[in-house]
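Structure assessment
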Amino acid sequence: MGYVAKRFLQMIFVLWTVATILFFMFRLMPGTPLAAFIDNTTTAEQQDALIAQFGLDKSLGEQYFLFLWNLLQGDLGQSFFFKKPVLEVVWQVFPNSVILTLTSLIIAYLFGIVVGAYLAWKRGSWVEGVGIPLVLTTRAAPEFWLGMVLLAFFSFHLGWFPSGGANTSGSEWQSGWSRLTSADFLSHLALPAITLAIYLQGLPLLLMRSNMLNVLQEEFITMARMKGLSTWTIVMRHAARNALLPVATAFALGIGGAVGGNVVVETVFSWPGIGRLLVNAVSASDYPLAQGAFLMITFVLVVMNFIADITYHLLDPRVRVAANG
Amino acid sequence: MQLTKRGLLRTALSTAAAVALVGADARIAQAEAGDAIRPLTLISRAQAANPQQYQAAELIAQAWRQLGLEIEVQGLPRPQQSDAVWYNRDTWDLTMWQMVGRPERSDPDEFVYNLFHSTTMEKGYNFVGYVNPEYDKIAEQQRLITNKDERKVLIDQAQDIIDRDQVYAFLVHPMKVYAFDSSVWAADSMVEQPGLGIKNFWTFVGAEPVGDTKDMILNSSDELNAINPFYISGATDSWITELIWDRMMRIGSDGLPKPWAAESVEWSDDGTEVTLTLREGMMWHDGEPVTTDDVIFSFTAPAEGTNAPMYKPFVSNIAGIEATDDRTVVMTLNEPNAAFETSTLAKLNLVPEHVWAPLLENLTEGETAEAVLEESRIGSGPFKFDRWVTQQEVVLSANADHWSAPKMDRWILRIVLNVEAALGMLRSGEVNFMSDYTGDPELLLQAAEEDGDLEVVQSVDIGFQYLAFNLRRPPFDDAAFRRALSAAINRDLIQKAAWNGFAVKANSHVSPALEFWHKAGIADGLQTGMDLAKSILDEAGYEMVDGRLHYPAGGTEQFAD
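Residues numbered from 1 in each chain as written. Chains lettered and ligands numbered in written order. Predicted model: local features only at pLDDT ≥ 70, side-chain atom pairs only at ≥ 80, totals over all residues.

1. Side note on the overall build of chain B
Selection criterion: Helix numbers and strand numbers start at the N terminus; a helix is a DSSP run of H or I with at least 4 residues, a strand a run of E with at least 2. Our radius of gyration is a C-alpha quantity, and the globule rule it is checked against amounts to 2.2 Å times the number of residues to the power 0.38. The exposure scheme places C-beta atoms from the backbone and then counts, for each residue, the other C-beta atoms within 10 Å of its own, assigning buried at 20 or more, exposed at 12 or fewer, and partly exposed in between. Residues are treated as contacting if the C-beta atoms built from their backbones sit within 7 Å of each other.
Counting its regular elements, chain B contains 17 helices and 20 strands. A compact globule built from 561 residues should have a C-alpha radius of gyration of about 24 Å, and chain B, at 26 Å, falls within 12% of that. When the backbone C-alpha atoms are referred to their principal axes, chain B occupies close to 85 × 60 × 45 Å. The buried share of chain B, reckoned over its 561 residues, is 49%. For chain B, the share of sequence-separated contacts (at least 6 apart) that also reach a separation of at least 24 residues comes to 69%.

The following block contains the structure:
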C-alpha cells in the first residue's frame, strides 16, 4: 500500500502544480475579460465596477490564495460571463463530452485490437501491404476534414444523419437519462463518434500490432503451434491476451486525453462539449471558467493515469518488483 | 460658417496651397528631408476569423508599400486586438476595425457623437484620439435639435468634416445576407428593415407559416453568454431580449421609433417633457398586469447604483418620472435629446417590478443585476422564454395573449459553429431561417438556386468596415498624410476581391441604409488614385529617399523601436 499512497501524494502534487500554472497563465496572457464587453459602450466607471465584480482589483497573491482556498472546498468560482458557478456550467456539457469520448474510444479500441492482431498475423501478406498505409492515412487525416467529408456524404447528400447538435431542435425530455438514451440523441451522436473513432483507431491498432509481433516471437506461441491449435485460438487466446496490457494503459490515458481534446470535432458537429466551452472561455478571458474546465480535464487525466499505474502494478509482477526494489 | 460643397472645396484647396507653400519654404530653408517613417504594423483580425478584413488589409498594405512605406499586416485574435487597440491606446499605429449595426443605431447619434467626440477619447469609442472642437460642437448640437431637417444639416456637416479629415479610411458597408425557406415561411411576410435586413423583430412577429411547420428554427454561430433584460453580452442575446421584453417604443421597419407599449408618445414644445400613455390590458408572462409602477421601475432601476451599468448611460438624462393616472407616465429630461426615443424609449426593456425589485434588493454589495438572471426571464413581449440549453439552443414560445401575437408557435435558435453545416441544415430543413451566415455569399446563392425553396435577402448594413489611424502618433496626426493614404486605397478592388461584391463602398459613419441621414454621394465623391496620393504627400512635404518615405524636412521619428 506504500506504493499506492506514494502515487496518490504525487497525484495531489501534480494537481496543485497544474492549478497554479493555470491560475498564473491566464492572468499573464494578453487580453482582459473586459475586452468581451467593449461593444457595449462601457465607460471608465463601469469598467472599474466590472473589475471589482470579477475580484480582479485584489493583488495577484491574494487572488491566488483565495482561489486555492476555494478549490480545497470544491468551489471553482463563478463564471464571469454565465454568472453561474463554474461547476454548474461545466456539468451541463460534461456528460455529452464523456459519452462522445467513451463511444468513440470503445469503437476505436475494439476495432484497433481486432484488426491490429489480424494484421500482425498477416505480416508480409498483401493484406498488410494495403492495411497499414490505409490505417496511417486515416490516422493522419485531419479531424475537421474527416468530419466535413462524413457530413457532406452521410448528412447533406444521403440525409441519413442530422448535420449538427446533440438533439433535434425544440425536442423535450423527461430527464437527462431519457435524453441520452433516445434514438434522437444516438442519431446525432453517430457522425461525431465515427469521426473521432476513425481518428483514434490508429494508436491501438498499431500498438496492438507491434506488441503482437513481439509476442508471436515468444516460445509459448511456437509451443502452441506445435500443439496443433487453430490459428484463431493462438492469435486471440494466447497471443492477444499477452499483447493487450499496453493497449489497456493507452485506453485509460485515452479517456483522459480525449475528454479535453475534442474541440475540433465538437466545432464541426456543433456538439455541446467541454472543449468548446474551454475555447470560448479562453478567448473571452473568463478566467474561472477556463481554469475550472482545464482543471476538470487535468483531474480526469491524472486520475486515469493513477488508475492505469495501479492496475499495471497489480497486473504485472515485473512492475511491482521494480517499484518495491 | 455654413459648410457647402463648394465652400469645402475652396477650404481644401487653400489649405493644400498653404501646405504646399510651407513645404516649398521648408525645402529652401533645409534641403534635407526628415527622418524615414518607421516600419508600420497594420493590425487585423486573423485570416481564419475574418477573411474579408484580412484580405482588405493585405491589399491596402500592398498599395501603401508603393508609397514608400514599410507595412506589415499582423492578424490577431479579437481579445489581443482589443487589448492593443482599446486598452493600450498609445501603442498601436494602424488597425482594421468594424462597427456593427444594431436597431438603436438607426439613429445616427450614437456613431456621430461617440466615435469622434473628444470626451470619449480616453476610454470610450474615440479610440483613434480625434480632437476637433468644431466637430465636438456639431456632435453636441445635433442631439439638442428635435427638428429633423435642421438636425440633418448638422449630421451632413459632421460627415463632411470626417470626410475632409479622413479620421478613418472607411472601406465598405457590408451587405447583410440572410436566407429563409419559402416552403415554410411566406415570402411576403418577411420584413426588411433598413440596415438590419430581414432578421428583425417585425419579421419574427409577422412571419406566416405556409404549411405544417410552425416552429422557426434559426442559427447563430456565436456561443451565447446571457439572456438578461439588464445586460447584453453580444449581438445574439440582444435580439433575444428584444422578443421577450417589450419596450415603450420600437424601431419600426422604416428605421424610425414607433410607439409600442406606449399607445402614444407626446412631447412638450421645448422637448424636455414626454407624456407616455400605456397600452391597455398588457400582461406579464406570469399573468400579472403591467402597471405604470412597472414602467417607472424599469426606467429608474438601471439608474441606481451599479444595478445595470450597461443601461445607466441611457437613463441618465431623465430628471424625473411620475405617473399622473393609472395609464399615463410623464418623464422630464435634463435637456432635450433628439435621439431619446431611439436610445432610451426604444432601448430599455420593461421589467415587472414584482419580480425584479426583490431580486435587486437581495443583491450583495458590488454585485449587479447581471448576476441574478435565472427564473427572472418574465417579460410582457410577444415571445415567452421557454428554455436555454447551453451550447445548443434557446427556445421561446409565442405569447398568444399579446396584442401583436406571433403567427409561429416557437422560435428556436440553434448554436451552429460550423458555417458549412449551417448551410447543410438550411437545405435539409433542420434550420428554416438562416440568421447568421459568415461564409461566402456566393455559395449561399448557389445553394438557393439548387434548392428552389430557399430565398436569399441582402441588405446594406448600418455598420461599416474601416481602417483606423492612431492620431496620437505622427505621422497620423497629419490630415494630409491620412488623406494621401486613404486616396491610395482602391475601394472598388476591395469591394470586389475581399467582399466578393457583397458590400458597398463607404466614406461616412452614417450608412446609406439610413437614407434620410446619409449624405448622398459622399462615397463616390472621395477622390482616389495612386497618383493623387503621391501628389498629396509631395505637396505636404513628405519625400521619397531611396524608395522610403521620409517626414517633411525637420520631422523626426519619435516612435522608432
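2. Regarding the overall build of chain A
Helix and strand counts for chain A come out as 15 helices and zero strands. When burial is assessed residue by residue, chain A has 35% of its 325 residues classed as buried. When contacts within chain A are restricted to residue pairs at least 6 apart in sequence, those whose partners lie at least 24 apart make up 73%.

3. As for helix 12 (residues 353–361) of chain B
Residues and elements named next belong to chain B. Test applied: Each direction from the helix axis to a C-beta atom contributes to the arc, which is the arc of those directions.
Among all positions in helix 12, only E353, W356 and L360 are buried. The buried residues of helix 12 occupy one face: seen down the axis, they fall within an arc of 85 degrees. Exposed residues pointing more than 90 degrees away from the buried face of helix 12 are listed as P358 and E361. As for helix 12, its buried residues are in contact with helix 9 (292–300).

4. Considering the confidence of the model for chain B
Residue and element names in this part refer to chain B. Keep this limit in mind: Per-residue confidence from the predictor is reported as pLDDT, a score between 0 and 100.
Mean pLDDT for chain B: 86, with 90% of residues reaching 70 or above. Note that residues 16–30 has pLDDT below 50 and, in this model, 16 contacts with residues that lie over four places away or in other chains. Interface confidence in the predicted complex, given as ipTM, is 0.75; pTM for the same model is 0.77.

5. Details of the confidence of the model for chain A
On average, residues of chain A score 80 in pLDDT, and 88% of them reach the 70 mark or higher. For chain A, helix 15 (residues 317–324) of chain A is the element with the lowest average pLDDT, namely 62, and helix 8 (residues 183–200) of chain A is the one with the highest, namely 89.

6. What about the environment of I113 of chain A?
All names here are of chain A. Position of I113 among the secondary structure elements: in helix 4 (residues 86–121). A count of 24 C-beta atoms within 10 Å places I113 in the buried class. Along the chain, I113 and E128 lie 15 residues apart, while their C-alpha atoms are 15 Å from each other. With sequence-adjacent residues up to four places away left out, I113 is seen in contact with P204, M208 and V247.

7. Regarding the environment of D386 of chain B
On the secondary structure map, D386 of chain B appears in strand 12 (residues 383–389). Leave out the neighbours within four places in its chain, and D386 of chain B touches V395, L396 and S397 of chain B.

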